[in-house]
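For reference, the chains in residue letters:
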Amino acid sequence: MALRKAAGIVLGLGLVFAALPAAAQISSEGGPIYINSARTESLENERKVLLVGNVDIQQGTARLRADRVTVLFAPRASGGNASGSSIMGGFGQIENIVAEGNVYYVTPEIKAKGDRGVYELATDTITMTGNVALMRERDVAEGQTLRMEVKNRRTTLEGGNGRTRMVIDPSTQPGQTQ
């Protein structure tokens, strides 16, 4: 039961990110996305948008914070219109999102932190690296590299040069009686 709960801790984060690439979402709830940063830079020739300095992205009940976020867009099919009405709307499908420096992702169910987080559309994979910590209720999992294959519901936590560490509170287990 404890191993199932531990897997649920890390899988929960992957499921929350699952809607992210298709519509530039950070929440499965959808809705408007509010972005605040010290600087926003649109690099149309490189098909990317840079958000720099105290980046704070909110959608529904989800929040992503980092020092810097880079959104890279996939090449458009030929004949597509490259112009759009918003700073990111004209680029098309998101290919990946990279959050760097003091990365925090928070939903009502889960909290995650690390030095870097990357979502790759092609592999439907989220990778967090550097002092990774995942928290759900009073349970915590820590390591150096967290890789979540969202569609396959497979999660791997590696310790790097150290070991992974988990603290599981049985009193928060569903269906458990004391």
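Located above this text is the structure these notes cover.
Not measured: the values here are computed from a predicted model.

Caption draft 1: Spatial organisation of the overall build of the protein chain. A tally of regular secondary structure across the protein chain gives two helices and 10 strands. Going from N to C terminus, the protein chain has its helices and strands arranged as α-α-β-β-β-β-β-β-β-β-β-β. Across the protein chain, every contact between residues at least 6 apart in sequence was considered, and the portion connecting residues at least 24 apart equals 46%. A total of about 9,900 Å² of accessible surface is found on the protein chain, and carbon and sulfur atoms cover 49% of it.

Caption draft 2: View of the pattern of salt bridges. The full count for this structure, using the stated rule, is seven salt bridges. The residue Lys 48 makes a salt bridge to Glu 46 at a minimum N-O spacing of 3.5 Å. On the basis of relative accessibility, which here comes to 22%, the residue Lys 48 falls in the partly exposed class. Across the pair Asp 56 and Arg 63 runs a salt bridge whose closest N-O atoms are separated by 2.5 Å. Looking at Arg 63, the relative accessible area reads 34%, which means it is partly exposed. If you follow the salt bridges from partner to partner, you end up with Arg 68, Glu 100 and Arg 116 in one network.

Caption draft 3: Layout of the side chain of Asp 56. For Asp 56, the position within the fold is in strand β3 (residues 48-59). Taking the relative accessible area as the measure of exposure, Asp 56 reaches 13% and is therefore buried. Of the polar contacts made by the side chain of Asp 56, one reaches the side chain of Arg 63; its length is 2.5 Å.

Caption draft 4: Inspection of the environment of Arg 76 at higher detail. Its place among the elements puts Arg 76 in the loop between β4 (62-73) and β5 (94-106). With relative accessibility at 34%, the residue Arg 76 sits in the partly exposed group. When the C-alpha atoms of Arg 76 and Gly 92 are compared, they prove to be 6.8 Å apart, with 16 residues separating the residues in sequence.

Caption draft 5: Just the side chain of Asn 96, in detail. For Asn 96, the location among the structural elements is in strand β5. Dropping the residues within four chain positions of it, Asn 96 is found in contact with Thr 70, Val 71, Leu 72, Tyr 119 and Glu 120.

Caption draft 6: Representation of the packing of aromatic side chains in the model. This structure, assessed with the given rule, holds zero aromatic pairs. Its guanidinium or amino end placed over the ring of Tyr 104, Arg 65 lies 5.0 Å from that ring's centre, counting from NZ or CZ.

Caption draft 7: Region of the structure containing the pairing of strand β9 (residues 154-158). Direction of pairing for strand β8 (residues 139-149) relative to β9: antiparallel, over a ladder of five bridges. Pairing of Thr 145 across the sheet is with Glu 158, part of β9. Hairpin remark: β8 followed by β9, antiparallel, with four residues in the connecting loop; positive phi at Arg 153, about 55°.

How each quantity is defined
Residues numbered from 1 in each chain as written. Predicted model: local features only at pLDDT ≥ 70, side-chain atom pairs only at ≥ 80, totals over all residues. Heavy atoms only, no water. Helix = DSSP H or I, 4+ residues; strand = E, 2+ residues; numbered from the N terminus. Contact = heavy atoms within 4.5 Å. Areas by Shrake-Rupley, 256 points an atom, 1.4 Å probe, with all protein chains shown as cover. Salt bridge = Lys/Arg side-chain N within 4 Å of Asp/Glu carboxyl O. Buried < 20%, exposed > 50% of the residue type's maximum accessible area, 1.4 Å probe, protein only. Polar contact = N/O pair within 3.5 Å; in protein donor to acceptor, adjacent residues only side chain to side chain. Phe/Tyr/Trp six-rings, centres within 6.5 Å; stacked < 30°, edge-to-face > 60°. Lys NZ or Arg CZ within 6 Å of the ring centre and 35° of its normal. Pairing = 2+ DSSP bridges.

So far we have only geometry, and geometry alone does not tell us how the molecule works.
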